[in-house]
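Here's the letter readout for the chains.
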Amino acid sequence: MEILKLNPVFKDYIWGGNRLKDDFGFSTGFDKTAEGWMLACHRDGMNTVDGGSYDGKPLGDIVDGISGTNAKRFPYFPVLIKLIDAYDNLSVQVHPDDGYARRVENEFGKTEMWYVLDALEGAELIYGFKEKITKEQFREAIENNTLLDRLNRVKVKKGDLFFIEAGTVHAIGKGALIAEIQQNSNCTYRVYDYGRVGKDGKPRELHIDKAVDVSVTEPPKYDIKPLGEEIQKDGYISQALASCKLFTVNRYKTEKSVTLCADEKSFNHVLVIDGSGEINGRKAEKGDSFFVPAGFGEYTLSGSLEVIITMI
């Protein structure tokens, strides 16, 4: 099986900007682009293969046999990976866990992590609550339009990392460019949206009752930094970003090259977040997305590349 290069799926949500086009060189087809789905095998977005023996095929048609033994723990392809350009504030939202999502939405829950690729001066994210409150106080804050006063607002910079378990109230603020690795779900409950209207001219739907049901109304329990420190190796730098039962994410920055391995347990997804070089002799540039099948064995990244590698 060969390494697969994937075509992104783009989304034009109202808060998007132009950095996916300007910084990454994507041709998105939209005036403003909010998200690029870089590894997507979901009913709301599906990658196709770019080149090679499987050129043009949907990832969903071929992924079952190449995801690895760890994927067999899940009744669905386990992860969804995005690039997110927040030109404006995203809505304040929360995602349910698996139990609630399966029972209420016939969907899966959504735990995710954000790695900050860049942030304009003053950019901030909403991450949980300032202090623990009751569900009733949460609902009252929504109804009284005082919710933002209750939430934990964090100034962000390049290299920050947020681990967001299902149930954590959160929002990406304007000026942040994010790589998001998440559970493969598009289930979102919106609780506050700055009074904005959608493309139809009507206020965008809120999901107050469901949000109150699933939210953990207390401060976050995780720090906003990667799991590990940078480690200098011969020819590259490595860093552990996050690890949980759903995914493991590492960052590599090549000065010469690094050889990695996709064993039988899991595929490796390679997202190039900066630079240019090669993957097994194939050109790799900023914004490229590669799927290395489980069991492929060793592969080499060379040149001047910064990548995020995701495994399950």
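Anything mentioned here points back to the structure above.
This one's a predicted model, so the numbers in the text were calculated from it and none came from an experiment. (Residues numbered from 1 in each chain as written. Predicted model: local features only at pLDDT ≥ 70, side-chain atom pairs only at ≥ 80, totals over all residues. Heavy atoms only, no water.)

Q: Is there a simple way to explain the overall build of the protein in this structure?
A: Within the protein one finds 5 helices and 23 strands. Taken over C-alpha atoms, the radius of gyration comes to 19 Å for the protein, in line with the 20 Å a tight globule of 312 residues would show. With 312 residues in all, the protein has 54% of them scored as buried. For the protein, contacts bridging at least 24 residues in sequence account for 73% of all contacts bridging at least 6. Counting only carbon and sulfur atoms, one obtains 45% of the accessible surface of the protein, whose full area is about 13900 Å². Averaging the locations of the 40 positively and 48 negatively charged side chains of the protein gives two centres separated by 2 Å. (Helix = DSSP H or I, 4+ residues; strand = E, 2+ residues; numbered from the N terminus. Rg over C-alpha atoms; globule rule 2.2 N^0.38 Å. Buried < 20%, exposed > 50% of the residue type's maximum accessible area, 1.4 Å probe, protein only. Contact = heavy atoms within 4.5 Å. Areas by Shrake-Rupley, 256 points an atom, 1.4 Å probe, with all protein chains shown as cover. Lys, Arg positive; Asp, Glu negative; His and termini not counted. Charge placed at Lys NZ, Arg CZ, Asp CG, Glu CD.)

Q: Got a minute to help me understand the nonpolar core in this structure?
A: Within soluble globular proteins, side chains that are nonpolar generally end up buried alongside one another. With 41 residues, the main nonpolar core has Leu39, Leu83, Met113, Tyr115 and Phe291 as its most contacted residues. Where this core is concerned, the elements lending two or more residues are strand 1 (4-7), strand 3 (35-39), strand 7 (79-86), strand 9 (112-119), strand 12 (161-164), strand 14 (176-183), strand 17 (236-243) and strand 20 (268-279). Sequence-distant contacts of leucine 39, defined by excluding residues within four places in its chain, comprise Leu6, Asn47, Leu59, Phe77, Val79, Leu80, Ile81, Phe267, His269 and Phe291. Val94, Val169, Cys187 and Ala211 belong to the second largest nonpolar core, which has 19 residues in total. (Core = buried A, V, L, I, M, F, W, Y, C linked by side-chain atoms within 4.5 Å.)

Q: It is not clear to me how the packing of aromatic side chains should be interpreted in this structure. Could you clarify?
A: When we look at a pair of aromatic rings, we describe it by the centre distance and by the angle of the planes. Tallying each qualifying case throughout the model produces 15 aromatic pairs. Measuring from ring centre to ring centre gives 5.2 Å for phenylalanine 10 and phenylalanine 26, while their planes differ by 55 degrees; the resulting arrangement is tilted. In this pair, phenylalanine 10 is assigned in strand 2 (residues 9-11) and phenylalanine 26 in the loop between helix 1 (19-22) and strand 3, connecting sequence segments 16 residues apart. Of the two residues examined, phenylalanine 10 and phenylalanine 26, each falls in the buried class. Put simply, the rings of Phe10, Phe24 and Phe26 pair up and form one aromatic cluster. Seen from the ring of tryptophan 37, lysine 11 lies directly overhead, with NZ or CZ sitting 4.6 Å from the centre. Its guanidinium or amino end placed over the ring of phenylalanine 24, lysine 286 lies 4.9 Å from that ring's centre, counting from NZ or CZ. (Phe/Tyr/Trp six-rings, centres within 6.5 Å; stacked < 30°, edge-to-face > 60°. Lys NZ or Arg CZ within 6 Å of the ring centre and 35° of its normal.)

Q: Help me out: how do you make sense of the sheet that holds strand 12 in this one?
A: In a beta sheet, neighbouring strands pair by backbone hydrogen bonds and run either parallel or antiparallel. Across the sheet, 6 strands lie side by side as 2-3-7-14-9-12; this open sheet has antiparallel pairing. Looking at which strands have only one partner, the edges of the open sheet turn out to be strand 2 and strand 12. Across this sheet, the average inter-strand angle for adjacent strands is 20 degrees, counted without regard to direction. Pairing geometry for strand 9 and strand 12, over 4 bridges, is antiparallel. Its bridge partner lying in strand 12, tryptophan 114 is registered against phenylalanine 162. (Pairing = 2+ DSSP bridges. Axes fitted to C-alpha atoms, helices over the stretch in contact; angles between N-to-C directions.)

Q: Teacher, can you tell me more about the environment of glycine 65 here?
A: In this structure, glycine 65 sits in the loop between strand 6 (48-49) and strand 7. Look at glycine 65 and you get exposed, because its relative accessible area is 71%. C-alpha of glycine 65 to C-alpha of proline 203: the two residues are 138 residues apart in sequence and 43 Å apart in space.

Q: Teacher, can you tell me more about unusual backbone geometry here?
A: Excluding glycine, a negative phi dihedral is what most residues carry, and trans is how most peptide bonds are arranged. Not every positive phi belongs to a glycine, and asparagine 145 is a case in point at roughly 60 degrees. With respect to the helices, strands and loops of the structure, asparagine 145 is situated in the loop between helix 3 (135-143) and helix 4 (147-150).

Q: Looking at this structure, how should I read the environment of arginine 282?
A: As for its placement among the helices and strands, arginine 282 is situated in strand 21 (residues 282-285). When its relative accessible area of 29% is taken as the criterion, arginine 282 is described as partly exposed. Separated by 19 residues in sequence, arginine 282 and leucine 301 place their C-alpha atoms 9.4 Å apart. Look past the residues within four positions of arginine 282 in its chain and what remains in contact with it is Ile3, Lys5, Asp50, Gly51, Gly277 and Phe290. Polar side-chain contacts of arginine 282 include one of 2.9 Å to the backbone oxygen of aspartate 50. (Polar contact = N/O pair within 3.5 Å; in protein donor to acceptor, adjacent residues only side chain to side chain.)

By themselves, these observations are geometric and do not establish any function.
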